[in-house]
Amino acid sequence: ISIRVKYKVKKDNLEEVKSIEEFVSEVKNEPGVLAYDAFQEEDISFVHFITFKDDVAKKSHENSTHVRKFVDFLYPVCEEEPIFNNLNLVKSNKI
């Protein structure tokens, strides 16, 4: 199960949002998370890619304390709500 999350933050909050090391470290330690990558585009936009082993891992991630904390921080500093897209893997050299 792979998901892309895309969001754009308010310029005043750019540096705060870039400081997500703690959140990514927490996600890295979740069982069933196969990959998590966060990218900044050239401006105030960000894209996150996450791959879960299965639906149980995805639900566990969604219900975790650190995700709730990150969502509570992120949504108010976004220009609009983040966009979530399910991705279908065609080919990878990692999985």
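Enquirer: Let's hear about the pattern of salt bridges: which residues, and what values?
Expert: With the rule as written, the count across this model stands at five salt bridges. The closest approach of N and O atoms between Lys6 and Glu41, which form a salt bridge, is 3.5 Å. Remark: Glu41 occurs in the loop between strand E2 (33–40) and strand E3 (45–52) and Lys6 occurs in strand E1 (residues 2–8); sequence separation between them is 35 residues. Note that Asp55 is salt-bridged to Lys59, the shortest N-O span being 3.0 Å. A residue pair is termed a helical-turn pair when its members lie 3 or 4 positions apart in one helix, as Asp55 and Lys59 do in helix H3 (residues 55–62) at four residues.

Enquirer: Just give me the short version of the nonpolar core, but keep the residues and values in it.
Expert: One finds Tyr7, Val9, Val17, Ile50 and Leu74 to be the most contacted residues of the largest nonpolar core, which totals 21 residues. Going through the elements one at a time, E1, helix H1 (14–18), helix H2 (21–28), E2, E3 and helix H4 (65–77) are the ones with two or more residues in this core. Ile50 has contacts with Ile1, Ser2, Ile3, Val27, Val33, Ala35, Tyr36 and His61, leaving out every residue within four places of it along the chain.

Enquirer: Could you give an account of H4, naming the residues involved and the relevant values?
Expert: Residue pairs three or four apart in sequence face the same way in an α-helix, which turns once every 3.6 residues. End to end, H4 covers 19 Å across 13 residues, agreeing with the expected 18 Å (1.5 Å per residue, within 8%). When we look at burial in H4, the residues that qualify are His66, Val67, Phe70, Leu74 and Val77. Each buried residue of H4 sits inside an arc of 100 degrees when the element is viewed along its axis, so together they form one side. Counted as exposed and oriented over 90 degrees from the buried face of H4: Thr65 and Lys69. Residues of H4 that are buried in the fold lie against E1, H1, H2, E3 and H3.

Enquirer: Residue-level account of a nonpolar patch on the surface, with values.
Expert: A surface patch of nonpolar side chains, amounting to about 260 Å² of accessible area, comprises Phe39, Phe49 and Leu87. Counting through the fold element by element, Phe39 comes out in strand E2.

Enquirer: Describe a negative patch on the surface, naming the residues involved and giving the relevant values.
Expert: Taken together, the side chains of Glu42, Asp43, Glu79 and Glu80 make up a negatively charged region of the molecular surface. Secondary-structure assignment places Glu79 in the loop between H4 and strand E4 (83–87).

Reading the values: rules and limits
- Residues numbered from 1 in each chain as written.
- Predicted model: local features only at pLDDT ≥ 70, side-chain atom pairs only at ≥ 80, totals over all residues.
- Heavy atoms only, no water.
- Salt bridge = Lys/Arg side-chain N within 4 Å of Asp/Glu carboxyl O.
- Helix = DSSP H or I, 4+ residues; strand = E, 2+ residues; numbered from the N terminus.
- Core = buried A, V, L, I, M, F, W, Y, C linked by side-chain atoms within 4.5 Å.
- Buried < 20%, exposed > 50% of the residue type's maximum accessible area, 1.4 Å probe, protein only.
- Contact = heavy atoms within 4.5 Å.
- Expected span 1.5 Å × (residues − 1).
- Arc of directions from axis to C-beta.
- Patch = residues over 30% accessible without salt bridge, like charges linked within 9 Å, V, L, I, M, F, W, Y side chains within 5 Å.
- Areas by Shrake-Rupley, 256 points an atom, 1.4 Å probe, with all protein chains shown as cover.
- Lys, Arg positive; Asp, Glu negative; His and termini not counted.
- Charge placed at Lys NZ, Arg CZ, Asp CG, Glu CD.

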